[in-house]
Amino acid sequence: MNISASILAVEKDFVQYAHLLENVHADCIHVDVFQDGRKFPLERISEFNRVKLPLDVHLIYETISENDIALLNRAGTRFLNVQYENLADKSSIRGIASDFNGNFGIAITVKTPVDVIDEYVDILSQVLFMCSEPGVSGAGFDEKNFERIKNVHERYPSLNLFADGGINDCIAGEMEQLGVSQVVSGSYLCKDLDNIANRLYSLRYVGERHIAVTRLMVKKMFLPVCPVHASVLQILCTMNQYRLGAVFILNEEEFAGIITDGDIRRGFLKWGNNMLEKSAGDLMNSSPFCIGQDTTMEELYRELSLRHKGIDVVPVVGSSGLLGAIDLHIGL
């Protein structure tokens, strides 16, 4: 299940918090935007261009102009959810959906019957269930939403369902069982910033924290592998074929290192045209971050949080060498 982290829960230093969320591998940055500009005006949305995480915007407006949508498009917003109850002219919804470049959806509170979805389901990528009062950080989860979400998931099983409001690890578990694909978390993540990676983990991997990494890893036979003497062209072709962003290097059958797309980029900057004369042995990181086969997912996530750098693929090793890898791209 994806985690969209609300930046407004911190009250200030929004971009700094967004970078923290990037470091702990949140899936999206969630931004609530009110028409009166409280907390965060839409004009500032481009401030998040320096953050690699996709934007998930909840627009709580009475009227939405073409300029508003243009701002969101220029910022590369991936998800837009328009608050149904606040929108004065409901007939504008289809036009807004048509103008927006990303995934469009509506947000509804418990005041609105879920039947309204029927009218727009052909243009919706997702529906955001507001499980507490929009824009009120720390508000409790309204349990009426359990039945509402179940109803919509049964009626439209291919429609992405998002949930926001009062989401903690217990509620997240219920949401996952009901078919919710993305939850928004604000105050739950912010309660303990020093432990935010584990809090985020507890939301995303509900019920899996004690599972050994070998249960979720990509096995060695399915990994992109090259010999230590492989050429740069061979490495690039292998990397492109598997689209994992990394290639695992073997010396005979022993695990020798890893080459990521970042290593390729840095190699071209270092060697220029001579890069094509290099081999895997020249490019590889021979001491990558690895984990043992008995490591739990919770232990892995805790270790990643301490490194304060983006790591997308983690080799899993045992006494016999490379066993597989954890692909942290999964679910993004």
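Relevant structure appears above.
Quick caveat, the model's predicted, so the values are computed rather than measured.

Analysis parameters
Residues numbered from 1 in each chain as written. Predicted model: local features only at pLDDT ≥ 70, side-chain atom pairs only at ≥ 80, totals over all residues. Heavy atoms only, no water. Buried < 20%, exposed > 50% of the residue type's maximum accessible area, 1.4 Å probe, protein only. Helix = DSSP H or I, 4+ residues; strand = E, 2+ residues; numbered from the N terminus. Arc of directions from axis to C-beta. Pairing = 2+ DSSP bridges. Axes fitted to C-alpha atoms, helices over the stretch in contact; angles between N-to-C directions. Contact = heavy atoms within 4.5 Å. Phe/Tyr/Trp six-rings, centres within 6.5 Å; stacked < 30°, edge-to-face > 60°. Lys NZ or Arg CZ within 6 Å of the ring centre and 35° of its normal. Parallel < 35°, antiparallel > 145°, perpendicular 65-115°, else oblique. Left-handed = near helix turned anticlockwise from the far one by under 90°. Nonpolar A, V, L, I, M, F, W, Y, C, P; charged D, E, K, R; others polar.

Would you mind going over helix H12 (residues 297–307) with me for this structure?
Structural remark: α-helix, 3.6 residues per turn; residues separated by three or four positions point the same way. Regarding H12, the residues found buried are Met297, Glu298, Leu300, Tyr301, Leu304 and Ser305. Along the axis of H12, the buried residues cluster in a sector spanning 160 degrees; they form a single face.

Would you mind going over the sheet that holds strand E10 (residues 225–227) with me for this structure?
The strands making up a sheet associate through backbone hydrogen bonding, with each pair oriented either parallel or antiparallel. Overall, mixed pairing links the three strands, which are arranged E10-E11-E12 in an open sheet. The outermost strands of the open sheet, each flanked by one partner alone, are E10 and strand E12 (254–260). In this sheet, neighbouring strand axes are inclined to one another by 35 degrees on average, regardless of whether the strands run parallel or antiparallel. Both E10 and strand E11 (residues 246–251) contribute to a ladder of three bridges, which runs parallel. Note on E11: the bridge partner recorded for Val225 is Phe248. Against the sheet, helix H9 (residues 232–242) makes contact with E10, E11 and E12, and its axis sits at roughly 170 degrees relative to E10, the strand it touches most.

For this particular structure, what's the right way to read the side chain of Asn145?
With respect to the helices, strands and loops of the structure, Asn145 is situated in helix H5 (residues 144–155). Owing to a relative accessible area of 0%, Asn145 belongs among the buried residues under this scheme. When residues no more than four places from it in sequence are discounted, the contact partners of Asn145 are Val110, Phe129, Met130 and Cys131.

Where do I start with the pairing of strand E6 (residues 126–130) in this structure?
In the case of a regular strand, side chains alternate between the two sheet surfaces. Most of E6 sits inside the fold, with five of its five residues counted as buried. Of the two faces of E6, the one lined by Gln126, Leu128 and Met130 and the one lined by Val127 and Phe129 are each fully buried. As defined by bridge partners, strand E5 (residues 103–108) adjoins E6 across four bridges and the pair is classed as parallel. Note on E6: the bridge partner recorded for Gly105 is Gln126.

I'm lost on the sheet that holds strand E14 (residues 313–318) in this one. Help?
Taken in spatial order, the four strands of this open sheet run E9-E15-E14-E13, and their pairing is mixed. The open sheet has two edge strands, strand E9 (218–219) and strand E13 (291–292), and neither has a second partner. Relative to strand E15 (residues 321–327), E9 runs antiparallel, the two being bridged by two bridges. Counted as the bridge partner of Lys219 is Gly324 from E15.

Hey, could you run me through the packing of aromatic side chains in this one?
This structure, assessed with the given rule, holds six aromatic pairs. Between the aromatic rings of Phe79 and Phe162, the centroid separation amounts to 5.3 Å while the plane-to-plane angle is 85 degrees, which identifies the pairing as edge-to-face. Of this pair, Phe79 sits in strand E4 (residues 79–83) while Phe162 is found in strand E7 (residues 160–164), placing the two residues 83 residues apart along the sequence. On the accessibility criterion, Phe79 (12% relative accessible area) is buried. Taken together, the ring pairs connect Phe14, Phe40 and Phe48 into an aromatic cluster. The ring of Phe34 has Arg38 lying over it, and the distance from NZ or CZ to the ring centre is 4.0 Å. Across from the ring centre of Tyr188, 4.5 Å away, lies the NZ or CZ of Arg199, which sits over that ring.

Is there a simple way to explain the packing of H5 against helix H6 (residues 169–178) in this structure?
When two helices pack together, their arrangement is given by the angle between their axes and by how far apart the axes lie. Running from amino to carboxyl end, H5 crosses H6 at an angle of 25 degrees, the nearest separation of the two axes being 10 Å. One finds that H5 runs roughly parallel with respect to H6. When you trace H5 past H6, the crossing you get is right-handed. For the pair H5 and H6, contact is made by Phe146, Ile149, Lys150 and His153 and by Ile171, Glu174, Met175 and Leu178, respectively. Looking at the contact of H5 with H6, its residues break down into five nonpolar, one polar and two charged.

Worth remembering: the numbers are spatial, not functional.
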